[in-house]
Amino acid sequence: MLKPALLALGLALGLAGCAATWETAYEQLDPAQTAGWRVAAVEVAVPETLTTSETNSYIPDFDIVWHGEPAGDRRAQVAAILKEGIEKGAGGLNGKTRVRIVATVSQFHAITPVVRERLQDSGVHNIQYTVQVFEARSGAALSQPQLIKAEFPALVGRAADEAEAKGLTQRVQIVNQIAAVTQNWLGRGADPRGSFQRRGR
């Protein structure tokens, strides 16, 4: 039976062949339009068709993989994370038109504890969702539905430990990423878009 360290090494070497290109990508909305908005509500849907699992493995092949909070309703936890991030990113809108932002999760694949503990230079928070803006009162669509990729490298090992010691848990990091993406998608703040290569799922 392989020792844990040897098993981790073997899996890390195996994952080396699985390096992929990941990205934070979306089409920014017109700042002249969004400047007139004020967010009245954020709604997040997590379809029941998305697969989920509590399996703590190196490359679990599921749509929802989330171990950053105590065991519970993972769909509800994921919806709350996305809602908090979007609300935070849209918080600076002070226009007169009240809008509703509706998001639907298509992928929320964070790293597992075993990846965080045993691998280095591996692991991606693979977060994707479709988002659309509606006028709150009439329900009229103010934007087209758009797929947003909010993928970013996960912290593992000592870097993860140091971040958590400062209060930057996986949940906080993901909320902050979604907030930064939302803010710039709405035409404000620094642009976080870009791609990177990293072993992960």
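The structure reproduced in this document is the subject of the present report.

What counts as what
- Residues numbered from 1 in each chain as written.
- Predicted model: local features only at pLDDT ≥ 70, side-chain atom pairs only at ≥ 80, totals over all residues.
- Heavy atoms only, no water.
- Helix = DSSP H or I, 4+ residues; strand = E, 2+ residues; numbered from the N terminus.
- Expected span 1.5 Å × (residues − 1).
- Buried < 20%, exposed > 50% of the residue type's maximum accessible area, 1.4 Å probe, protein only.
- Salt bridge = Lys/Arg side-chain N within 4 Å of Asp/Glu carboxyl O.
- Phe/Tyr/Trp six-rings, centres within 6.5 Å; stacked < 30°, edge-to-face > 60°.
- Contact = heavy atoms within 4.5 Å.
- Polar contact = N/O pair within 3.5 Å; in protein donor to acceptor, adjacent residues only side chain to side chain.
- Core = buried A, V, L, I, M, F, W, Y, C linked by side-chain atoms within 4.5 Å.

## Section: helix α6 (residues 170–185)
Every α-helix carries 3.6 residues per turn, so stepping three or four residues along brings you back to the same face.
1) Next: In this model, α6 (16 residues) spans 22 Å end to end at C-alpha, consistent with the 22 Å of a helix rising 1.5 Å per residue.
2) Next: Of all the 16 residues making up α6, 12 are buried; the element is thus mostly covered by neighbouring parts of the structure.
3) Next: Along α6, the positions that sit buried rather than exposed are Gln170, Arg171, Gln173, Ile174, Val175, Gln177, Ile178, Ala179, Val181, Thr182, Asn184 and Trp185.
4) Next: Of the residues flanking the end of α6, it is Gly187, one or two places downstream, whose phi is positive at about 95°.

## Here we look at the pattern of salt bridges
1) Next: Inspection of the entire model under this criterion finds 10 salt bridges.
2) Next: In this structure, Glu48 engages Arg75 in a salt bridge whose closest nitrogen and oxygen atoms are separated by 3.9 Å. In this pair, Glu48 sits in the loop between β2 (37–45) and β3 (64–65) while Arg75 sits in helix α3 (residues 74–90), placing the two residues 27 residues apart along the sequence.
3) Next: A salt bridge links Arg74 to Glu54, with the shortest nitrogen-to-oxygen separation between them at 2.8 Å. One end of the pair, Arg74, is in helix α3; the other, Glu54, is in the loop between β2 and β3, and 20 residues separate them in sequence.
4) Next: Under the relative-accessibility criterion, Arg74 is labelled buried at 6%.
5) Next: Here the salt bridges share partners, and the residues they tie into one network are Glu69, Glu84 and Arg171.

## Some points on the packing of aromatic side chains
Ring pairs (aromatic) are described by centroid distance and by the angle formed between their planes.
1) Next: On inspection of all chains with the given rule, the structure shows one aromatic pair.
2) Next: Measuring from ring centre to ring centre gives 5.7 Å for Trp66 and Phe108, while their planes differ by 90°; the resulting arrangement is edge-to-face. In this pair, Trp66 is assigned in the loop between β3 and α3 and Phe108 in strand β4 (residues 97–109), connecting sequence segments 42 residues apart.
3) Next: By relative accessible area, Trp66 is classed as buried at 1%.

## Overview of the side chain of Gln77
1) Next: Within the fold, Gln77 resides in helix α3.
2) Next: Here Gln77 falls in the buried class, since its relative accessible area comes to 14%.
3) Next: Filtering out sequence-adjacent residues up to four positions away, Gln77 remains in contact with Trp66, Glu69, Pro70, Ala71 and Gly72.

## Side note on the side chain of Gln132
1) Next: Note that Gln132 resides in strand β5 (residues 124–135).
2) Next: Reaching out from Gln132, the side chain makes a polar contact with the backbone oxygen of Ser143 at a distance of 2.9 Å.
3) Next: If we skip the residues at most four places from it in the chain, Gln132 touches Arg100, Ile101, Val102, Ala141, Ser143, Gln144 and Pro145.

## As for the nonpolar core
1) Next: Ranked by size, the top nonpolar core spans 34 residues in total, and within it Ile86, Phe108, Tyr129, Ile174 and Trp185 carry the most contacts.
2) Next: Elements with a contribution of two residues or more to this core: β2, α3, β4, β5, β6 (146–150) and α6.
3) Next: Here this core takes six residues from α3, the largest share from any one element.
4) Next: With seven residues, the next largest nonpolar core counts Ile111, Val114, Leu119 and Ala154 among its residues.

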